[in-house]
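What follows is the residue order along each chain.
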Amino acid sequence: MSITTTLGIIGYPIGHSISPLFQQAALDHLGIEAEYGPYAVKPDEVGEFVEGLRSENAIGINVTVPHKETVIPFLDEVDDWATEAGAVNTIVNHSGRLTGHNTDGYGFLRALRESGGLEPEGRRVLILGAGGSARGVVQALLRAGVGELHIANRTVARAETLARLAANRGVPATPLALGSADVAAAAAQADLIVNCTSVGMRHGPDESGSPLAAHQVPATALVYDLVYNPMLTPLLRAAEAAGAATLGGISMLVYQGAASFEIWLGQPAPVDVMMAAATAAMPAREADAT
Ligand SMILES: NC(=O)c1ccc[n+]([C@@H]2O[C@H](COP(=O)([O-])OP(=O)(O)OC[C@H]3O[C@@H](n4cnc5c(N)ncnc54)[C@H](OP(=O)(O)O)[C@@H]3O)[C@@H](O)[C@H]2O)c1
């Protein structure tokens, strides 16, 4: 007899999400009879949907834009990562009690270490962007003992807010204006450059753009782009041309999803299966390069 369970992702809109593809691949691989669905939930329906997760058939859900903050009042508790981020991307139901987690920072660090081969402790890092993902990345890097931060954003006030957060934790952090000469200087000194803007994202605000000019990308840094569609962004293409090491956003996406899977099901996620399914869902790198 098949068991009907609720696992899935809520957002609005939700059609772009590839989480259903790689989470379902993991469930099928392990023979777990559950369906991971995309749920398009409008902002005024979030409370009712989350209340429904207290049912005995509900295991949990992922939460994406624009609900990561608005779900919080409907939960019984949130973990440390989610409290720090002020955002929840995973909800788990334990006998009617709902707990919110945030696995983005964990996914970012695991991808950095395992796919990028870089330990951030003591390193100089240039962050491009100061929105929701940049906040999670800064918090993850602070937890990992980062040495020094430069944070560059189009809206400098947001970079200043993030820099203060780091400085309050005792880490030197300098806010910068994206595109300024100071960003080029910070890039030249950086061990790691992380793009947390949506520049370069397919169907995004500046699809063909790069948050750092090609000639400013140093050969000596690891260039990590959180954008995962396309897999080869203009920034990563410039980094490859400069001879720098690169890391795309798909790895973080899969690792944050794997952490959610483990929270829901209490067993190791088949990361290789998830990575293969996620990669297969992306347009080919060769097509991106043309
Ligand atoms: N790989 C993963 O698992 C993962 C996880 C999370 C996010 N992401 C990706 O990361 C990107 C950012 O997500 P987010 O949640 O941080 O978004 P967000 O909160 O909306 O922040 C967007 C950031 O991009 C900047 N930006 C937007 N348009 C720009 C432009 N034309 N020129 C310069 N800067 C611009 C914004 O600057 P202002 O402050 O000046 O507006 C802000 O810093 C998205 O592409 C998302 O898909 C990937």
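Every value quoted in this text rests on a predicted model; they were computed, and no experiment measured them. (Residues numbered from 1 in each chain as written. Predicted model: local features only at pLDDT ≥ 70, side-chain atom pairs only at ≥ 80, totals over all residues. Heavy atoms only, no water.)

Peer 1: Explain the site of the ligand residue by residue, including any values.
Peer 2: In the neighbourhood of the ligand, 22 residues make up the surrounding shell, with G132, S133, N153, T155 and R158 lying closest. Within the contact set of the ligand, an oxygen atom lies 2.9 Å away from a side-chain nitrogen or oxygen of R154. Separating an oxygen atom of the ligand from a backbone N or O atom of S198 is a distance of 3.3 Å. If the ligand stood free it would expose 920 Å²; the protein chains cover 78% of that surface. Among the secondary structure elements, those contributing two or more residues to the shell around the ligand are α5 (132-143) and α9 (250-265). Partitioned by chemical class, the residues of the shell around the ligand number 11 nonpolar, nine polar and two charged. (Near = heavy atom within 4 Å. Polar contact = N/O pair within 3.5 Å; in protein donor to acceptor, adjacent residues only side chain to side chain. Areas by Shrake-Rupley, 256 points an atom, 1.4 Å probe, with all protein chains shown as cover. Helix = DSSP H or I, 4+ residues; strand = E, 2+ residues; numbered from the N terminus. Nonpolar A, V, L, I, M, F, W, Y, C, P; charged D, E, K, R; others polar.)

Peer 1: Before we move on, could you go through the domain arrangement of the chain and cite the residues and values that matter?
Peer 2: The domains assigned to the chain are domain 1 (6-102 + 251-289) and domain 2 (105-248). Carbon and sulfur atoms make up 57% of the surface buried where domain 1 meets domain 2, a total of about 2100 Å² over both sides. Taken together, domain 1 and domain 2 are joined by two salt bridges. Close ionic contact of R169 with E84 constitutes a salt bridge, the shortest N to O distance being 4.0 Å. At the surface where domain 1 touches domain 2, the tally comes to three residue pairs in polar contact (both at pLDDT 80 or more). (Domains from an automatic or database assignment. Buried area = accessible area lost by both parts, 1.4 Å probe. Salt bridge = Lys/Arg side-chain N within 4 Å of Asp/Glu carboxyl O.)

Peer 1: An account of the pairing of strand β6 (residues 97-101) is requested, with residue identities and associated values reported.
Peer 2: Burial within β6 is extensive, with four of its five residues counted as buried. As judged from the two bridges shared by strand β4 (residues 77-78) and β6, these two strands associate in the parallel manner. Pairing of E77 across the sheet is with T99, part of β6. In this structure, strand β5 (residues 90-94) lies alongside β6, joined through five bridges in antiparallel fashion. Among the inter-strand pairings, I91 is bridged to a residue of β6, identified as G100. (Buried < 20%, exposed > 50% of the residue type's maximum accessible area, 1.4 Å probe, protein only. Pairing = 2+ DSSP bridges.)

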